[in-house]
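In case you want the letters, here they are:
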Amino acid sequence: MRLVLVTAPIDQAPELARNLVEGRHAACVNMVPKVRSIYLWEGKIEDEPEALLLIKTTSEKVDALTARIKTLHPYDVPEIISVEINEKESNSEYLNWVEAVVG
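Scoring rules and cut-offs
- Residues numbered from 1 in each chain as written.
- Predicted model: local features only at pLDDT ≥ 70, side-chain atom pairs only at ≥ 80, totals over all residues.
- Heavy atoms only, no water.
- Helix = DSSP H or I, 4+ residues; strand = E, 2+ residues; numbered from the N terminus.
- Buried < 20%, exposed > 50% of the residue type's maximum accessible area, 1.4 Å probe, protein only.
- Salt bridge = Lys/Arg side-chain N within 4 Å of Asp/Glu carboxyl O.
- Patch = residues over 30% accessible without salt bridge, like charges linked within 9 Å, V, L, I, M, F, W, Y side chains within 5 Å.
- Areas by Shrake-Rupley, 256 points an atom, 1.4 Å probe, with all protein chains shown as cover.
- Lys, Arg positive; Asp, Glu negative; His and termini not counted.
- Charge placed at Lys NZ, Arg CZ, Asp CG, Glu CD.
- Pairing = 2+ DSSP bridges.
- Axes fitted to C-alpha atoms, helices over the stretch in contact; angles between N-to-C directions.
- Contact = heavy atoms within 4.5 Å.

Undergrad: Tell me about unusual backbone geometry, and name the residues and values.
TA: The phi torsion at arginine 24 lies on the positive side, around 60°, for a residue other than glycine. With respect to the helices and strands, the residue arginine 24 is situated in the loop between α1 (13–22) and β2 (28–41). Despite not being glycine, glutamate 42 shows a phi value in the positive range, around 50°. Tracing the backbone shows glutamate 42 in the loop between β2 and β3 (44–57). Judged by its relative accessible area of 69%, glutamate 42 falls in the exposed class.

As structure tokens, this is what we get:
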């Protein structure tokens, strides 16, 4: 199982999340509606409000999920960070549900 972290413009994050769930790339996407991102882009310090998406999926779906995010995301280089979930320390019923949803 994987937790995938993605930041996106606040106004576009809900549509991105819905598309990922509808396409069964993810079982669930939680949105933290406003985070402040400070980063260096093309030699300039940027300071932007963004939404943080917490995407739950299976390891097998990460490549397809990443490709879909890159297709839909408005950024040239979207943040996509996949973290392995420790299944022994997680709610097995929840992980079984994720597996059932994304197949």
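Undergrad: I'd love a proper account of the pattern of salt bridges, names of residues and values included.
TA: Within the structure shown, the criterion is met by one salt bridge. A salt bridge links aspartate 47 to arginine 36; the shortest N-O distance between them is 2.5 Å. Highlighted residues: aspartate 47 in strand β3 and arginine 36 in strand β2, separated in sequence by eleven residues.

Undergrad: Just give me the short version of a negative patch on the surface, but keep the residues and values in it.
TA: Taken together, the side chains of Glu60, Glu84, Glu87 and Glu99 present a region of like negative charge at the surface. You can see glutamate 99 is positioned in helix α3 (residues 92–102). Given the relative accessible area of 36%, glutamate 99 is considered partly exposed.

Undergrad: Describe the sheet that holds strand β1 (residues 2–8), listing the residues and the values that go with them.
TA: Reading across from one edge, β2-β3-β1-β4 is the order of the four strands in this open sheet, with antiparallel pairing throughout. The open sheet terminates on both sides in strands that have one partner only, identified here as β2 and β4 (81–84). Each strand axis lies, on average, 25° off the axis of its neighbour in the sheet, ignoring direction. The pairing of β1 with β4 spans four bridges and is classified as antiparallel. Across the sheet, valine 4 pairs through a bridge with serine 82, a residue of β4. Sitting on the sheet, α1 touches β1, β2 and β3, and the angle it makes with β2 is about 130°. Sheet strands in contact with helix α2 (residues 62–72) are β1, β3 and β4, and its direction is about 140° off that of β3.

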